[in-house]
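Residue-level structural notes
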Amino acid sequence: MHQRPAESAQRRHGAHLLKTGAPNGESTPDPSTPWAPLRDPGFLRLWSVWLIANLCMWMGDVAAAWLMTSLTSSKLMVAMIQTCTTLPVFLLALPGGAVADVVDRHRGLLVAQAWSAAAAAVLAATALGGQLSAPLLLGLTFLASIATALRWPVYSALVPDVVGREALPAAIVLGGMAVNASRVLGPLAAGLVIGLASGAWVFVLTTALSLASIALLWRPPPAHAPRPAQTSQGLLAAMAAGLAFARRNRPFQAVLLWSFCFFLCATSLLGLLPLVARGRGAGSAQLYTLLFACLGSGAVGVGFVLHHARRRWSVQAIVSAGTALLSACVACMAFDGPAWRSGTVMFLAGAAWLAVGNTLSIAAQLALPPALRARGLSIFLMAVMAGGAAGAALFGTVAEGLGLRAALLTLAATGFAVAAVLGRRCRLG
């Protein structure tokens with residue numbers, strides 16, 4: 001069966017990219033080290049915006065969760081902060097991905113950062129004005145999280161355009177490390193600001209940082225890989241095409257199922273973490289931010305060695321083992337202990353989080369054709385956020401009815417069941 005000329009040319013171009021990492025023989029950074037993509041000025045600028053955006057996100061999450069513990073004694077309302085953080089991403093990820101495939105992605109990222117700055121400014125003004133209540137905080141957190149729904153698929157689709165195919169795994173790892181470095185620095189910065197002033201001033205700082213990221217992003221990064229031609233396809237048709245691909249592609253479906261189940265457990269741990277910190281010792285904001293920072297430190301630490309682990313173990317082994325490790329950490333957090341032990345447990349949980357999340361992200365990226373990349377990644381993000389939103393609400397309800405320890409032990413048992421059942425019946429390639 002003869003290939004059409006366009007198909008043949010595309011295949012030859014793809015093979016050329018695999019050898020050179022860039023179109024037309026342009027040089028790209030040597031992808032043999034995990035830091036190589038940062039030598040590319042365009043990717044460095046894009047990665048810096050991603051780091052700032054996630055720093056603001058984690059700072060805002062910590063401030064909102066801690067403010068909620070001072071506004072209400074309801075365990076469910078505290079856990080619902082994570083639901084309000086993840087639910088808008090689930091609802092808007094697919095439209096955001098469709099937009100990213102049919103309009104300019106750089107402008108889409110600018111819009112997302114502008115929304116982030118505006119939402120943080122409203123939160124700051126409301127909190128400083130003393131008008132914040134528990135329901136209002138949930139609503140404003142929901143609105144602020146719309147920026148993540150707009151930003152994530154656009155950034156994920158921009159990365160392969162900027163770095164090329166060969167450096168893509170290292171670039172994805174660096175993106176994950178930025179998320180988790182911000183998970184260390186964000187809580188520490190938020191805890192410092194809360195200790196010196198109040199949670200409201202955290203949102204003032206995130207407003208300023210979001211504006212700084214817009215300045216960094218003003219000039220678009222150069223592309224090392226050709227962007228698929230934009231189509232005149234309407235938004236609804238583009239969304240339908242993305243969903244149709246997800247229904248047909250079995251490897252991608254396996255990634256979606258694992259992502260939903262893993263993040264149902266992982267995000268629930270974050271939702272219950274303020275309650276864990278409140279119930280131990282003096283119940284200070286510093287303990288909460290310390291535990292959060294330990295989680296991020298574990299994720300950053302494993303990022304340095306994950307590329308070695310990937311050479312030795314299969315995707316399935318990494319995801320199954322990481323899910324089991326996270327579940328064991330949740331079980332340990334159900335029991336009181338000194339701060340150093342809780343910090344160590346959260347460090348291991350962070351390592352498991354990044355190992356599984358990054359491996360699933362790479363599997364999703366490689367299962368998608370370029371023309372559907374943003375839509376496919378938005379569907380992947382929907383699975384992640386649907387699991388997070390459902391898990392935080394579910395286990396927050398369990399904590400409200402049966403107590404925090406029962407909720408954590410039930411969560412751990414769920415994670416072990418996921419690792420056992422999906423490890424046998426839903427194999428990842």
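Look above for the structure.
Note that the coordinates shown come from a computational prediction; the quantities given were computed from them, not determined experimentally.

Attention shifts here to the overall build of the protein. Helix and strand counts for the protein come out as 16 helices and zero strands. Burial statistics for the protein: of 429 residues in total, 58% are counted as buried. Of the contacts formed within the protein by residues at least 6 apart in sequence, a portion of 86% connects residues at least 24 apart. When the accessible surface of the protein is totalled, it reaches about 17,400 Å², and 68% of it is carbon and sulfur.

The next point concerns the side chain of T207. On the secondary structure map, T207 appears in helix α8 (residues 199–217). Residue class for T207 comes out buried when judged on its relative accessible area of 14%. Sequence-distant contacts of T207, that is, excluding residues within four places in its chain, are made with A117, A120 and A121.

Here the focus is the nonpolar core. For soluble globular proteins, the rule of thumb is that nonpolar side chains tend to be buried together. Counting residues in hydrophobic clusters, the biggest one holds 124 residues, and the most contacted among them are F43, F252 and F380. When residues in this core are grouped by element, the largest group, 18 residues, is from helix α10 (residues 250–278). Residues within four places of F43 in sequence aside, it is in contact with P37, L38, Y155, V159, V162, V163, A171 and L174.

With 19 residues, helix α11 (residues 285–303) should cover 27 Å at 1.5 Å per step; its first-to-last C-alpha distance of 27 Å lies within 8% of that length. With 15 of 19 residues buried, α11 lies mostly within the body of the structure.

So, on to the packing of α10 against helix α14 (residues 339–366). Packed helices, taken two at a time, are described by their axes: the angle between them and the distance between them. For the pair α10 and α14, the least separation of the axes is 10 Å and the interaxial angle reads 155 degrees. With respect to α14, the element α10 is oriented roughly antiparallel. For the crossing formed where α10 meets α14, the hand is left-handed. Contacts between α10 and α14 involve F252, V255, W258, S259, F262, F263, A266, T267, L269, L270 and L273 from the former and M346, A349, A352, W353, V356, G357, L360, A363 and A364 from the latter. Looking at side-chain class alone, the contact of α10 with α14 contains 17 nonpolar, three polar and no charged residues.

Where helix α2 (residues 41–71) meets α10, the closest approach of the two axes is 10 Å, and the angle between their N-to-C directions is 50 degrees. The orientation of α2 with respect to α10, classified from their angle, is oblique. The handedness of the crossing between α2 and α10 comes out as right-handed. Counting all contacts with α2, which are made through W58, A65, W66, T69 and S70, the residues of α10 involved are L270, P274 and R278. In terms of residue class, the contact of α2 with α10 is built from five nonpolar, two polar and one charged.

The final tally for this structure, using the stated rule, is four aromatic pairs. Considering the side-chain rings of W50 and Y155, the 4.1 Å spacing of their centres and the 0 degrees angle between planes classify their relative orientation as stacked. Here Y155 lies in helix α6 (residues 146–163) and W50 lies in helix α2, a separation of 105 residues in the sequence. When the centroid spacing of 5.9 Å and the interplanar angle of 80 degrees are considered together, the rings of F263 and W353 count as edge-to-face. Here the residue F263 occupies a position in helix α10, and W353 occupies one in helix α14, the gap between them amounting to 90 residues. A relative accessible area of 8% places F263 in the buried class. Site record: aromatic cluster; members linked through ring pairs are F262, F263 and W353.

To continue, consider empty space enclosed by the protein. By the definition in use, this model includes three cavities of 30 Å³ or more. Quantified by volume, the largest cavity comes out at close to 730 Å³. Lining the largest cavity are 36 residues, and of these W50, W152, V179, F263 and W353 sit closest to its centre. Of all the elements in the fold, those that place two or more residues in the lining of the largest cavity are α2, α3 (75–102), α6, α7 (168–196), α10, α14 and α15 (373–402). Top element by residues in the lining of the largest cavity is α7. It accounts for seven residues. If you add up the space inside the second largest cavity, you get close to 260 Å³. When contributions to the lining of the second largest cavity are tallied by element, the ones reaching two or more residues are α2, α4 (105–128), α5 (134–144), α6 and α8. No other element matches α2, which puts six residues into the lining of the second largest cavity. Here the lining of the second largest cavity is built from residues that sort into 10 nonpolar, eight polar and two charged.

Judged by side-chain polarity, W35, F304 and V305 come together as a nonpolar surface patch covering roughly 280 Å² of accessible area. With respect to the helices, strands and loops of the structure, F304 is situated in the loop between α11 and α12 (306–312).

This part covers the environment of S327. The topology assignment puts S327 in helix α13 (residues 315–333). Under the relative-accessibility criterion, S327 is labelled buried at 3%. Once the C-alpha coordinates of S327 and V418 are considered, the two residues, 91 residues apart in sequence, prove to be 9.6 Å apart. Excluding anything up to four places from it in sequence, S327 contacts A412, G415 and F416. Of the polar contacts made by the side chain of S327, one reaches the backbone nitrogen of F416; its length is 3.3 Å.

Definitions and cut-offs
- Residues numbered from 1 in each chain as written.
- Predicted model: local features only at pLDDT ≥ 70, side-chain atom pairs only at ≥ 80, totals over all residues.
- Heavy atoms only, no water.
- Helix = DSSP H or I, 4+ residues; strand = E, 2+ residues; numbered from the N terminus.
- Buried < 20%, exposed > 50% of the residue type's maximum accessible area, 1.4 Å probe, protein only.
- Contact = heavy atoms within 4.5 Å.
- Areas by Shrake-Rupley, 256 points an atom, 1.4 Å probe, with all protein chains shown as cover.
- Core = buried A, V, L, I, M, F, W, Y, C linked by side-chain atoms within 4.5 Å.
- Expected span 1.5 Å × (residues − 1).
- Axes fitted to C-alpha atoms, helices over the stretch in contact; angles between N-to-C directions.
- Parallel < 35°, antiparallel > 145°, perpendicular 65-115°, else oblique.
- Left-handed = near helix turned anticlockwise from the far one by under 90°.
- Nonpolar A, V, L, I, M, F, W, Y, C, P; charged D, E, K, R; others polar.
- Phe/Tyr/Trp six-rings, centres within 6.5 Å; stacked < 30°, edge-to-face > 60°.
- 1 Å grid on protein atoms, 1.4 Å probe; cavity = no way out; pocket = protein on both sides within 12 Å on 5 of 7 lines; lining within 4 Å.
- Points joined across faces, edges and corners; volume = space filled by probe spheres on them.
- Patch = residues over 30% accessible without salt bridge, like charges linked within 9 Å, V, L, I, M, F, W, Y side chains within 5 Å.
- Salt bridge = Lys/Arg side-chain N within 4 Å of Asp/Glu carboxyl O.
- Polar contact = N/O pair within 3.5 Å; in protein donor to acceptor, adjacent residues only side chain to side chain.

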